[in-house]
Amino acid sequence: MRVDSKLPRVGTTIFTVMSALAAEHDAINLSQGFPNFEPSERLQQLVFEAMRNGLNQYAPMPGLLALRQQIAEKIALLYGVSVDPVQEVTITAGGTQAIFSAIVAFVRPGDEVILLEPCYDSYRPSVEAVGGIPVIYTLIAPDFKINWQEVMHLIGPKTRMICINTPVNPTGAVLSDADMRALETLLNGTDVLVMSDEVYEHLIYDGVEHASALRYPGLRVRTLAVYSFGKTYHCTGWKVGYCVAPPALTAEFRKIHQFNVFSVNHPVQAAFAEFMKEPTEYTNLPQFYQRKRDFFADCMAQTRLKPLPSYGTYFQLYDYGHLSNEPDIDFCKRLTTAFGVAAIPVSVFYSDGRDQKIIRLCFAKTEDLLTAAGERLRKL
Ligand code: PMP
């Protein structure tokens with residue numbers, strides 16, 4: 001039988017390849033973005049209690065109201081914005097499902113979606129799966145700055161959505177207040193929607209404030225903002241997140257959500273609703289991860305890899321162009337097999353495979369592992 005793939009370009013991802021190679025060579029795996037430490041004991045206890053209290057059947061379709069109320073309170077506290085928990089917040093099976101549902105809900109065949117590359121690898125296939133056309137704006141190392149005048153030229157009658165992300169995976173860049181204002185001005189008077197991926201909202205350093213799209217009135221009305229509990233509470237494996245959008249957008253989003261997952265892990269939602277009452281769990285996070293970023297920078301200072309600035313996320317980029325001319329994928333494979341540290345080549349985040357001789361390392365790891373990685377890479 002002939003199978004006509006909707007996503008012929010999609011194959012085994014580099015994350016699977018590098019993690020398998022890391023396991024085979026007993027390498028320290030700094031490739032995939034997840035912590036090697038556990039979520040809070042209390043949070044785990046709350047999940048267990050919710051299960052013991054019988055919350056083991058379907059949760060309400062949009063999510064537990066108690067959790068959505070906590071989310072609305074948090075957004076009011078952090079971003080000074082009023083969000084209606086009933087009509088504007090939907091609990092999702094992680095950020096990825098929120099992104100997918102947002103795209104499926106609004107993008108029709110032939111619609112254009114602007115992507116700023118390098119970007120999280122789910123955006124492009126999600127757009128292509130529904131027949132949308134990705135329109136790529138390419139950002140270049142070392143600063144990955146967005147020229148909004150150039151982005152303006154990509155907007156036309158077929159533009160349905162622009163996907164933004166701050167802090168940015170994989171670059172560690174952040175969008176500034178000026179960036180968000182420029183985007184707000186650019187979209188004024190259009191029907192272009194914004195998918196604002198803010199899963200790293202708390203992983204932002206050096207006292208910089210997260211420029212949430214929710215803060216900008218001209219963006220708020222057209223934005224589906226996406227968040228992930230996995231990043232915030234060190235539990236990426238639980239796959240719970242949420243989407244915040246105005247009522248009319250949320251109504252459409254939920255039409256897809258309810259036939260995609262219908263509802264999300266019930267006991268975990270109940271646990272988050274209780275755990276979120278303690279804001280220090282997330283207000284301390286920038287400090288917690290900034291210490292890791294700086295610790296890792298010290299570990300790597302004696303290696304010959306050149307760091308690019310990391311303003312946010314738990315990723316740090318390194319340039320190796322002065323050491324080797326190898327393609328970044330080969331370089332990462334060699335780092336794993338010969339030096340015992342697995343990294344991700346940044347070219348995989350570009351549709352055209354742009355190779356700037358840059359690799360991405362994840363520092364959401366315990367200090368012993370970061371120290372050992374630094375020691376191994378000193379031999380390079
Ligand atoms: N967006 C970005 C930029 C990410 O890096 C990730 C996780 N790697 C996600 C979304 C997805 O989050 P989740 O694990 O909650 O699906």
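Refer to the structure presented above.
Given the structure is predicted, the values throughout are model-derived calculations rather than measurements.

On a plain count of helices and strands, the protein chain comes out with 16 helices and 13 strands. For the protein chain, whose C-alpha radius of gyration is 21 Å, the value lies close to the compact-globule estimate of 21 Å for 380 residues. In the protein chain, which comprises 380 residues, the proportion classed as buried is 55%. Long-range pairs, those at least 24 residues apart, make up 75% of the contacts in the protein chain with a sequence separation of at least 6. Roughly 16,100 Å² of accessible area belongs to the protein chain as shown, and the carbon and sulfur atoms make up 53% of that amount. Across the protein chain, the centroid of the 35 positively charged side chains sits 3 Å from that of the 40 negatively charged ones.

A few words now on helix α1 (residues 14-24). Three- or four-residue spacings in an α-helix give side chains the same orientation, since the helix completes a turn every 3.6 residues. Along α1, the positions that sit buried rather than exposed are Ile 14, Phe 15, Met 18, Ser 19, Leu 21 and Ala 22. Seen from one end, α1 has its buried residues packed into an arc of 160°, which puts them on one side. Of the exposed residues in α1, the ones pointing more than 90 degrees away from its buried face are Ala 23 and Glu 24. Residues of α1 that are buried make contact with β1 (28-29), α15 (328-339), β11 (341-342), β12 (344-345) and β13 (358-362). Following α1 by one or two positions, Asp 26 has its phi on the positive side, about 50°.

With that settled, consider unusual backbone geometry. In the segment running from Thr 166 into Pro 167, the intervening peptide bond is cis, with an omega of -20°. Relative to the elements of secondary structure, Pro 167 occurs in the loop between β5 (159-165) and α8 (177-187). With an omega dihedral of 15°, the bond running from Asn 169 to Pro 170 counts as a cis peptide bond. Non-glycine residue Phe 144 carries a positive phi angle of around 55°. Tracing the chain through its elements places Phe 144 in the loop between β4 (133-138) and α7 (148-152). Its identity is not glycine, yet Lys 239 carries a phi of approximately 50°, on the positive side. Of note, Lys 239 is situated in the loop between α10 (229-232) and β8 (241-244). With relative accessibility at 41%, the residue Lys 239 sits in the partly exposed group.

Taken as a whole, this structure holds 20 aromatic pairs when the rule is applied. An angle of 15° between the planes, with centres 4.2 Å apart, marks the rings of Phe 229 and Phe 272 as stacked. On the criterion of sequence distance, the pair formed by Phe 229 in helix α10 and Phe 272 in helix α12 (residues 266-275) is long-range, its members being 43 residues apart. Note that Lys 365 overlies the ring of Phe 34, its terminal NZ or CZ placed 4.2 Å from the centroid.

Before going further, it helps to examine helix α2 (residues 41-52). If you check α2, its first and last C-alpha atoms are 16 Å apart, about what 12 residues at 1.5 Å a residue would give, namely 16 Å. Listed in full, the buried residues belonging to α2 are Leu 43, Leu 46, Val 47 and Ala 50. Each buried residue of α2 lies within a common arc of 100° when the element is viewed along its axis, so the set occupies one face. α2 presents Glu 41 and Arg 52 as exposed residues on the side facing more than 90 degrees away from its buried surface. Tucked inside the fold, the buried residues of α2 contact α12. Measuring from the backbone nitrogen of Arg 42 back to the side-chain oxygen at the start of α2 gives 3.1 Å, which picks out Ser 40 as the cap.

Next up on the list: the sheet that holds strand β10 (residues 315-319). Pairing within the open sheet is antiparallel, and its 4 strands lie in the order β9-β10-β13-β12. Two strands bound the open sheet, and with one partner strand each, they are β9 (306-307) and β12. Judged from the 2 bridges that link them, β12 and β13 form a sheet pairing that is antiparallel. Pairing of Ile 344 across the sheet is with Arg 360, part of β13.

What counts, and where the lines are drawn
Along each chain, residue indices are assigned from 1 in the same order as the chain's sequence is written. Only residues with pLDDT of at least 70 get local features here, since the model is predicted, and only at 80 or more are side-chain atom pairs given and counted; chain-wide, interface and lining totals rely on the full set of residues. Based on all heavy atoms of the structure, the side-chain values leave hydrogens and waters out of the count. Helical segments are the DSSP runs of H or I of at least four residues, strand segments are the runs of E of at least two, and each set is numbered from the N terminus. We compute the radius of gyration from the C-alpha atoms alone; for a globule the expected value is 2.2 Å times N to the 0.38, where N is the number of residues. Categorising residues by exposure relies on relative accessible area from a 1.4 Å probe, with only protein chains included: less than 20% of the type maximum marks a residue as buried, more than 50% marks it as exposed, and the intermediate range marks it as partly exposed. Only heavy atoms matter for contacts: two residues are in contact if any of them lie within 4.5 Å across the pair. Using a 1.4 Å probe, the Shrake-Rupley method yields the accessible areas, and only the shown protein chains count as cover for residues. Just so you know, the count uses Lys and Arg for positive and Asp and Glu for negative, and it drops His and the chain ends. The atom standing in for a charge is NZ when the residue is Lys, CZ when it is Arg, CG when it is Asp and CD when it is Glu. Note: the arc covers the axis-to-C-beta directions of the helix. Any two rings among Phe, Tyr and Trp, with Trp reduced to its six-membered ring, count as a pair given centres within 6.5 Å; such a pair is stacked if its planes are under 30 degrees apart, edge-to-face if over 60, and tilted if neither. Our definition puts a charge over a ring when NZ of Lys or CZ of Arg is within 6 Å of the ring centre and also within 35 degrees of the ring normal. Residue count minus one, scaled by 1.5 Å, sets the expected span of a helix. Any N or O atom pair separated by 3.5 Å or less is treated as a polar contact, with the protein-specific requirement of one donor-capable and one acceptor-capable atom, and with residues adjacent in sequence counted only for side-chain atom pairs. The pairing criterion is simple: DSSP has to find at least two bridges between the two strands.

From the geometry alone we can't say anything about function, so treat these as descriptive.
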